[in-house]
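# Secondary and tertiary structure notes
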Amino acid sequence: MWSIVLMGLAGLLVGGALSFRQQHKPLWTQVSFYVLAAMSLLAAYLLTLS
């Protein structure tokens, strides 16, 4: 159950990063959203192992 929630969160974070890119926001905000999305996907993957 939690892995599905984390995958959804990752999708929202990637969407936010793409939105910031269209708004010409600073690069560090986009990178931070992508990093958080990757961490969320990694956590979802690790939850499926146990």
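Residues numbered from 1 in each chain as written. Predicted model: local features only at pLDDT ≥ 70, side-chain atom pairs only at ≥ 80, totals over all residues. Heavy atoms only, no water.

### Quick word on the overall build of the chain
A tally of helices and strands in the chain yields two helices and zero strands. When its C-alpha atoms are laid out on the principal axes, the chain stretches across 40 × 15 × 10 Å. Within the chain, buried positions represent 22% of all 50 residues. Put simply, the chain shows about 3,800 Å² of open surface, and 76% of that area lies on carbon and sulfur atoms. (Helix = DSSP H or I, 4+ residues; strand = E, 2+ residues; numbered from the N terminus. Buried < 20%, exposed > 50% of the residue type's maximum accessible area, 1.4 Å probe, protein only. Areas by Shrake-Rupley, 256 points an atom, 1.4 Å probe, with all protein chains shown as cover.)

### Points about the UniProt feature "transmembrane region" (unreviewed entry) in the chain
Per the UniProt record, "transmembrane region" (unreviewed entry) is found at residues 31-49. For residues 31-49, the helix share is 100%, the strand share is 0%, and the end-to-end C-alpha distance is 27 Å. (UniProt positions renumbered as here; feature names shortened; annotations may be inferred.)

### Some details on the side chain of S3
Within the element layout of this structure, S3 appears in helix α1 (residues 2-22). Relative accessible area serves as the criterion here: at 12%, S3 is assigned to the buried category. In contact with S3, other than residues within four places in its own chain, are A44, L47 and T48. (Contact = heavy atoms within 4.5 Å.)

### Observations concerning the side chain of Q30
Relative to the elements of secondary structure, Q30 occurs in helix α2 (residues 27-49). By relative accessible area, which is 11% here, Q30 ends up buried. In this structure Q30 touches A17, F20, R21 and K25, once residues within four positions along its chain are discounted.

### Observations regarding α2
Between its first and last C-alpha atoms α2 spans 34 Å; for 23 residues at 1.5 Å apiece the expected length is 33 Å, and the two agree. For α2, the complete set of buried residues consists of T29, Q30, A37, S40 and A44. Contacts from the buried residues of α2 go to α1. (Expected span 1.5 Å × (residues − 1).)

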